[in-house]
Amino acid sequence: VQLQASGGGLVQAGGSLRLSCAASGRTFSNYVMGWFRRAPGKGDDFVAAISRGGSSINYADSVKGRFTISRDNAKSTVYLQMNSLKPEDTAVYYCAASTSYITAAAVAEARYNYWGQGTQVTVSS
């Protein structure tokens, strides 16, 4: 499956962005979908994941209550709504697809098979 992430940009602290990740090539509903991020000089961090049908969702503690992951299987797209953004949310955000996971307890990047190209999110203070 090919993944194309979009929606990043520059926003002031407290603002919002919505990231999208469009999939093509295979049946989208077969995949657990996740978002990860990589801040400057740091490793990859899990952000959020959603199960195949959308009934199971998981968030990193750092984004809980501020970010919302959702998916539209008819459009083969997963979204990440980011509210109340903080400067520490600045990172390149990647979407990923996994056939290994069944639920949204899908925090290990090594178990994701496919990755998008990343979209830059910059939050100014």
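Everything quoted here is computed from the prediction, not taken from an experiment.

Draft legend 1. Here's a closer look at the overall build of the protein. Within the protein, the secondary structure is distributed over zero helices and 11 strands. The C-alpha atoms of the protein give a radius of gyration of 13 Å, which matches the 14 Å a tight globule of 125 residues would have. Structurally, the protein occupies a C-alpha span of about 40 × 25 × 25 Å along its principal axes. A total of 125 residues make up the protein; the buried ones form 46% of that total. By sequence separation, contacts in the protein at least 24 residues apart represent 58% of the contacts at least 6 residues apart. Distance between charge centroids for the protein: 6 Å, based on 12 positive and 7 negative side chains.

Draft legend 2. View of the nonpolar core. Ranked by size, the top nonpolar core spans 40 residues in total, and within it M33, W35, L80, M82 and Y93 carry the most contacts. Put simply, the parts of the chain that give this core at least two residues each are strand 1 (2-6), strand 3 (17-24), strand 4 (32-38), strand 5 (44-50), strand 7 (67-72), strand 8 (77-82), strand 9 (91-98) and strand 11 (119-124).

Draft legend 3. A look at the state of the cysteines. With the rule as written, the count across this model stands at one disulfide. Covalently, C21 is tied to C95 through a disulfide, its sulfur atoms 2.0 Å apart. Between C21 and C95 the sulfur-sulfur dihedral comes to about 60°; the bridge is accordingly right-handed. Of this pair, C21 sits in strand 3 while C95 sits in strand 9, and the two are 74 residues apart along the sequence.

Draft legend 4. Looking closely at the side chain of R37. Mapped onto the secondary structure, R37 falls in strand 4. Looking at R37, its side chain comes within polar contact range of the side chain of S62, at 3.5 Å. When residues no more than four places from it in sequence are discounted, the contact partners of R37 are G43, D44, D45, V47, S62, V63, F67, E88, D89, A91, V92 and Y93.

Draft legend 5. Region of the structure containing the pattern of salt bridges. Scanning all chains against the criterion turns up four salt bridges. D89 is the salt-bridge partner of R37, the closest N and O atoms lying 2.9 Å from each other. Of this pair, R37 sits in strand 4 while D89 sits in the loop between strand 8 and strand 9, and the two are 52 residues apart along the sequence. For R37, a relative accessible area of 11% corresponds to the buried category. Its relative accessible area of 0% is what places D89 among the buried residues. A salt bridge links K64 to D61, with the nearest nitrogen and oxygen atoms 3.1 Å apart.

Conventions we followed
- Residues numbered from 1 in each chain as written.
- Predicted model: local features only at pLDDT ≥ 70, side-chain atom pairs only at ≥ 80, totals over all residues.
- Heavy atoms only, no water.
- Helix = DSSP H or I, 4+ residues; strand = E, 2+ residues; numbered from the N terminus.
- Rg over C-alpha atoms; globule rule 2.2 N^0.38 Å.
- Buried < 20%, exposed > 50% of the residue type's maximum accessible area, 1.4 Å probe, protein only.
- Contact = heavy atoms within 4.5 Å.
- Lys, Arg positive; Asp, Glu negative; His and termini not counted.
- Charge placed at Lys NZ, Arg CZ, Asp CG, Glu CD.
- Core = buried A, V, L, I, M, F, W, Y, C linked by side-chain atoms within 4.5 Å.
- Disulfide = S-S within 2.5 Å.
- Polar contact = N/O pair within 3.5 Å; in protein donor to acceptor, adjacent residues only side chain to side chain.
- Salt bridge = Lys/Arg side-chain N within 4 Å of Asp/Glu carboxyl O.

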